[in-house]
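Here is how the chains run, residue by residue.
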Amino acid sequence: MFRFLTAGESHGPGLTAIVDGVPAGISISAKDINVELKRRQGGFGRGGRMDIESDAAEILGGVREGMTIGSPVSILIRNKDYKNWQDRMSVEATGKKPEPITTPRPGHADMAGYLKYGFDDIRNVIERASARETAARTAVGAVAKKMLTIFDIRLASNVLSIGDVKTESVINDMEDAKIINGSQVRCINEKASKRMVEAIKKAKEEGDTLGGVFEIVVFGLPPGLGSYTQWDMRLDSRLAGAVMSIPAIKGVAIGDGFAVSEKKGSQVHDEMSLTRDKRIKRTTNRAGGLEGGVTNGEPVRVTAAMKPIPTLKKPLHTVDVKSTKEALALKERSDVCAVPSAAVVGEAVVAIEVAKAFLEKFGGDSIKEIERNLSSYKEGM
Ligand SMILES: Cc1cc2nc3c(=O)[nH]c(=O)nc-3n(C[C@H](O)[C@H](O)[C@H](O)COP(=O)(O)O)c2cc1C
């Protein structure tokens with residue numbers, strides 16, 4: 001079973017991930033992971049932290065001579081900023097209690113975490129609730145992607161809106177990924193990209209923040225991943241849960257999502273017909289590649305809505321939990337818009353869920369064994 005955990009604080013010494021159930025025989029290097037980490041760090045609208053960090057993974061276990069060996073893969077990403085935070089984030093007791101944070105930001109985990117754990121310093125919440133954790137998940141996603149690539153399964157993401165700037169242009173094939181990677185906001189439509197950049201600049205000037213919508217598309221999936229036989233085996237629900245676990249994601253849709261509710265069945269379902277060589281084909285993919293929680297052989301398409309970043313340069317009203325007086329929320333170095341970055345994290349979490357479902361269906365201890373299982377399944381189709 002492909003599974004993982006992450007640990008680490010935003011301004012602590014670093015982030016770690018242990019990935020278990022990685023089959024033997026995947027070629028992987030720190031460089032492969034770093035490509036994904038760099039993509040996560042990019043995108044117009046990120047804050048000053050990104051100028052300090054240039055995330056680099058160190059693989060500490062599970063890989064020998066560039067190949068996975070079936071043992072757990074252990075990954076470390078050091079926080080370069082830690083050197084500036086040792087007075088506040090020392091792991092060892094210093095005897096000097098750092099000044100506590102007592103002004104929770106509306107929209108962040110600050111207040112909920114403060115109440116849950118009974119802390120007197122909201123810093124304890126901020127540090128782990130921070131989306132910095134998604135760097136570790138992006139690294140895990142890079143491992144999943146490396147495995148999926150062996151089987152020609154590939155992922156792409158595209159930003160569909162930032163604030164009120166929208167585009168109808170969606171991903172059609174993996175060629176589109178090249179154009180998207182060249183956009184400052186990971187958007188396939190050049191005109192919309194420019195308008196999105198302007199919207200972010202304006203929000204920044206106003207001390208405000210922006211959210212948006214992005215899509216993730218997975219190409220090359222065989223039919224039969226996931227299952228309708230139990231609620232927790234449905235791949236649609238597992239993908240939705242994974243994407244919703246990205247901080248600030250407030251809506252997830254599969255295929256045409258909410259839009260299908262307004263239409264008639266004849267306008268929604270993907271009809272089947274035969275090609276000249278008697279293969280079954282679909283003329284549309286409104287279901288987003290999933291029927292009954294199972295892949296149907298069409299590309300899987302997941303869309304996600306991200307709320308605006310909670311830390312505002314022009315802070316919102318809050319209450320100081322120490323003095324119980326009205327106050328302004330914590331102002332910390334922050335992103336203005338992180339939708340392009342969240343889209344890259346989206347690719348990672350979708351890759352992880354797809355890799356899990358793929359291994360459930362074709363699983364083996366080594367890539368060779370999985371190849372055999374997959375080809376015998378394909379022969380029987
Ligand atoms: C890639 C990424 C970057 C983010 N950057 C920030 C940030 O700089 N400042 C901030 O306040 N929130 C940021 N967020 C959002 C918060 O992490 C998130 O709102 C918070 O953890 C509370 O979780 P919730 O919004 O899901 O309730 C970011 C989210 C993502 C996915």
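This report concerns the structure included in the present document. No experiment lies behind these values; they were computed from the predicted model shown.

**Remarks on the sheet that holds strand 15 (residues 300-306)**
Phase 1 of the analysis: Taken in spatial order, the 5 strands line up as 8-7-9-15-10 in an open sheet, and their pairing is antiparallel. Both edges of this open sheet fall to strand 8 (165-166) and strand 10 (249-254), since each of them pairs with a single strand only.
Phase 2 of the analysis: In this sheet, strand 15 lies alongside strand 9 (residues 212-219) in antiparallel orientation, the contact comprising 7 bridges. Paired with isoleucine 216 across the strands is valine 302, a residue of strand 15.
Phase 3 of the analysis: Packing against the sheet, helix 11 (residues 339-362) makes contact with strand 7 (154-162), strand 9, strand 10 and strand 15, and its axis sits at approximately 145 degrees to strand 7.

**Focus: helix 8 (residues 190-205)**
Phase 1 of the analysis: Here helix 8 is 16 residues long and its end C-alpha atoms lie 23 Å apart, about the 22 Å a rise of 1.5 Å per residue gives.
Phase 2 of the analysis: Within helix 8 the residues assigned to the buried category are Ala192, Ser193, Met196, Ala199, Ile200 and Ala203. Taken down its axis, helix 8 places every buried residue within 120 degrees of arc, on the same side. For helix 8, the exposed residues lying more than 90 degrees away from the buried face are Glu190, Lys191 and Glu205.
Phase 3 of the analysis: One or two steps after helix 8, the chain reaches glycine 207, where phi turns positive at roughly 70 degrees.

**Description of the site of the ligand**
Phase 1 of the analysis: Every one of the 20 residues lining the ligand counts as a neighbour, but Ala131, Pro247, Thr311, Asp335 and Ala338 are closest to it.
Phase 2 of the analysis: If one sorts the elements of the shell around the ligand by residue count, helix 11 sits on top with 3 residues.

**Quick notes on the pairing of strand 7**
Phase 1 of the analysis: Buried residues dominate strand 7, accounting for 8 of its 9 residues.
Phase 2 of the analysis: Where strand 7 meets strand 8, 2 bridges bridge the pair, whose relative direction is antiparallel. Directly across from serine 161, in strand 8, lies its bridge partner lysine 166.
Phase 3 of the analysis: Joining the antiparallel neighbours strand 7 and strand 8 is a turn of 2 residues, in which glycine 163 adopts a positive phi near 55 degrees.

**So, helix 6 (residues 133-150)**
Phase 1 of the analysis: Under the 1.5 Å per step criterion, the end-to-end length of helix 6 is 27 Å for 18 residues, consistent within 8% with the ideal 26 Å.
Phase 2 of the analysis: Burial runs high along helix 6: 16 of the 18 residues are buried.
Phase 3 of the analysis: Phi for aspartate 152, located one or two positions after helix 6, is positive at around 60 degrees.

**Description of the nonpolar core**
Nonpolar side chains in soluble globular proteins generally cluster together in the buried interior.
Phase 1 of the analysis: In this structure, Ala139, Val140, Ile162, Val243, Val350, Val354 and Ala355 are the most contacted members of the largest nonpolar core, which totals 87 residues.
Phase 2 of the analysis: Per-element tally for this core: the top contributor is helix 11, with 16 residues.
Phase 3 of the analysis: With residues up to four places along the chain from it excluded, the contact list for alanine 355 reads Phe2, Ala144, Met147 and Leu148.
Phase 4 of the analysis: Formed by 8 residues, the second largest nonpolar core is a distinct cluster that contains Ile101, Ile122, Ile126 and Ala329.

**Structural notes on the packing of helix 1 (residues 30-41) against helix 6**
Phase 1 of the analysis: Orientation of helix 1 relative to helix 6, taken along the N-to-C sense of each, is 135 degrees, at an axis distance of 9 Å. Compared by their axis directions, helix 1 and helix 6 come out oblique. By crossing handedness, the relation of helix 1 to helix 6 is classed as right-handed. For the pair helix 1 and helix 6, the contacting residues are Asp32, Ile33, Glu36, Leu37 and Arg40 in the first and Thr134, Ala135, Thr138, Ala139, Gly141, Ala142 and Lys146 in the second.
Phase 2 of the analysis: Residue classes in the contact of helix 1 with helix 6 are distributed as 5 nonpolar, 3 polar and 4 charged.

**Re the environment of valine 19**
Phase 1 of the analysis: Tracing the chain through its elements places valine 19 in strand 2 (residues 14-20).
Phase 2 of the analysis: Along the primary structure valine 19 and lysine 281 are separated by 262 residues, whereas in three dimensions their C-alpha atoms are 37 Å apart.
Phase 3 of the analysis: Excluding residues that lie within four positions of it along the chain, valine 19 makes contacts with Phe4, Pro72, Val73, Val140 and Val143.

**Observations regarding the sheet that holds strand 3 (residues 57-61)**
Phase 1 of the analysis: Taken in spatial order, the 4 strands line up as 1-2-6-3 in an open sheet, and their pairing is antiparallel. The open sheet is flanked by strand 1 (3-7) and strand 3, the only strands paired with a single partner. This sheet shows a mean twist of 20 degrees between the axes of neighbouring strands, independent of strand direction.
Phase 2 of the analysis: Pairing analysis gives 4 bridges linking strand 3 to strand 6 (residues 73-78), with the strands arranged antiparallel. Within the sheet, the bridge partner assigned to isoleucine 59 lies in strand 6 and is isoleucine 75.
Phase 3 of the analysis: The strands touched by helix 6 are strand 1, strand 2, strand 3 and strand 6; relative to strand 2, the strand with the most contacts, the crossing angle is about 35 degrees.

The rules we used
- Residue positions are given per chain, counting from 1 as you read along its sequence in written order.
- Only residues with pLDDT of at least 70 are given local features in this predicted model, and only at 80 or more are side-chain atom pairs given and counted; all residues enter the totals for whole chains, interfaces and linings.
- When DSSP locates at least two bridges between a pair of strands, those strands are taken to pair.
- For helices the rule is a DSSP run of H or I covering at least 4 residues; for strands it is a run of E covering at least 2, with both sets numbered from the N terminus onward.
- Think of it this way: build a C-beta for each residue from its backbone, and any pair within 7 Å is a contact.
- Between N-to-C directions, angles span 0 to 180 degrees; the directions come from axes that are lines fitted to C-alpha atoms, helices contributing only their stretch in contact.
- For a helix, the expected span equals 1.5 Å multiplied by the number of residues minus one.
- Residues with at least 20 other C-beta atoms within 10 Å of their own are called buried, those with 12 or fewer are called exposed, and the rest are partly exposed. The C-beta atoms themselves are positioned from the backbone.
- In this description, the arc belongs to the directions extending from the helix axis to the C-beta atoms.
- Nearness is defined per residue: the C-beta atom, placed using the backbone, must lie within 6 Å of the molecule or strand.
- Each nonpolar core consists of buried Ala, Val, Leu, Ile, Met, Phe, Trp, Tyr and Cys residues. Their C-beta atoms, within 7 Å, join them into a set.
- Geometric relationships in this document are graded by angle, where less than 35 degrees denotes roughly parallel, more than 145 denotes roughly antiparallel, 65 to 115 denotes roughly perpendicular, and other angles denote oblique.
- Here is the rule for handedness: rotate from the far helix to the near one, and if that takes an anticlockwise turn smaller than a right angle the crossing is left-handed, while a clockwise turn gives right-handed.
- Amino acids outside the nonpolar list (Ala, Val, Leu, Ile, Met, Phe, Trp, Tyr, Cys, Pro) and the charged list (Asp, Glu, Lys, Arg) are all regarded as polar, and Gly is one of them.

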